[in-house]
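Coordinate inspection notes
These are the residues of each chain, in order.
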Amino acid sequence: MAVYALGDLEPRIHPDAYVHPEATIIGDVTIGAGSTVWPQAVLRGDDGAIVVGERSSIQDCAVIHTAPVSPTVIGDDCTVGHLAHLEACTMRDGSLAGVGSVIRHSVVVGEGALVGAGAVVLDGTEIPPAAVAVGVPARIRPDATDPDMLVDAADSYVRRGPRYKAELRRLD
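A brief look at the structure comes next. (Residues numbered from 1 in each chain as written. Predicted model: local features only at pLDDT ≥ 70, side-chain atom pairs only at ≥ 80, totals over all residues. Heavy atoms only, no water.)

**What about the overall build of the protein chain?**
Put simply, the rule reads: We count a stretch as a helix when DSSP gives it H or I for four or more residues in a row; a strand needs E for two or more, and each element gets its number in order from the N terminus. Here the radius of gyration uses the C-alpha set of atoms, whereas the globule reference equals 2.2 Å times the residue count to the power 0.38. Accessibility here uses a 1.4 Å probe with only protein chains present; expressed as a share of the type maximum, an area under 20% marks a residue as buried, one over 50% as exposed, and anything in between as partly exposed. We call two residues in contact whenever any of their non-hydrogen atoms come within 4.5 Å of each other. In short, Shrake-Rupley with a 1.4 Å probe defines the accessible areas, and a residue's cover is counted only from the protein chains shown. Here the positive residues are Lys and Arg and the negative ones are Asp and Glu; neither His nor the chain ends is included. Lysine's charge is taken at NZ, arginine's at CZ, aspartate's at CG and glutamate's at CD.
Summing up its helical and strand segments, the protein chain has one helix and 20 strands in all. Relative to a compact globule of 172 residues, whose C-alpha radius of gyration would be 16 Å, the protein chain shows 15 Å and is just as compact. The principal-axis extent of the C-alpha atoms belonging to the protein chain is close to 45 × 35 × 25 Å. In the protein chain, which comprises 172 residues, the proportion classed as buried is 48%. Here the contacts in the protein chain between residues at least 6 apart in sequence split such that 11% fall between residues at least 24 apart. Here the protein chain has roughly 8200 Å² of accessible surface; of this, 54% comes from carbon and sulfur atoms. Here the protein chain contributes 13 positive and 23 negative side-chain charges, whose respective centroids are spaced 5 Å apart.

Right, here's the structure in full:
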């Protein structure tokens, strides 16, 4: 894996986390126990802190960044889908950022909320707990999500981490 210090800013990765060898972690980044970071994901904590809680999944090609005024905080049991882009926002516990979604500055995704695939959540939006945000720009629907489904989504990647740590090997 490509893990870089930037001056005095050094990533802190829990020993029980799994970071794929082709993911990139730079600077002020904390990754909690049981969390997973998949191929080509980039977590760049140069302007501020990035905190990934426990048992969360940062999937392939996701980009996580910050802003000088605001960290990016991803809670416990969260899923950040393939190709998602998060910047200077907060995802509360058990929430999900769908494939290709964009979550911008000062957005708060409530507990158990879902940002749909391809949605663009504009600066300062607050998505209530268990709500769904879809579209471009995202509109909030009061449809309740199924919290068990969201936790299962994160958990399926948590369970993969130990297997990849033990069995992944490069063949070229």
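Next comes the rest of the account.
**Quick look at the sheet that holds strand 19 (residues 132–134)**
Short version of the rule: The pairing criterion is simple: DSSP has to find at least two bridges between the two strands.
The strand order 3-5-7-10-13-16-19-20 describes an open sheet built from eight strands, whose pairing is mixed. Two strands in the sheet have a free side with no partner beyond their single neighbour: strand 3 (18–19) and strand 20 (139–141). When strand 5 (residues 36–37) meets strand 7 (residues 57–58), the two strands line up parallel, connected through two bridges. Within strand 7, the position partnered with Thr-36 by the bridge is Ser-57.

**Some remarks on the state of the cysteines**
What counts is decided by this rule: When two cysteine sulfur atoms are found within 2.5 Å, that pair is recorded as a disulfide.
All chains considered together, the criterion is met by zero disulfides. Note on Cys-78: no disulfide assigned, nearest cysteine sulfur contributed by Cys-89 at a separation of 10 Å. Its relative accessible area of 0% is what places Cys-78 among the buried residues.

**Here we look at the pattern of salt bridges**
Filter applied, for reference: We define a salt bridge as a contact between a side-chain nitrogen of Lys or Arg and a carboxyl oxygen of Asp or Glu at a distance within 4 Å.
Counted by the stated rule, this structure contains nine salt bridges. For Arg-55, the salt bridge identified is with Glu-54, shortest N-O distance 3.1 Å. With a relative accessible area of 32%, Arg-55 lands in the partly exposed category. The closest approach of N and O atoms between Arg-163 and Glu-167, which form a salt bridge, is 3.2 Å. Taken as a pair, Arg-163 and Glu-167 lie in helix 1 (residues 147–167) at a separation of four residues, close to a single helical turn. Within this structure, Glu-22, Arg-170 and Asp-172 form a network of salt bridges that share partners.

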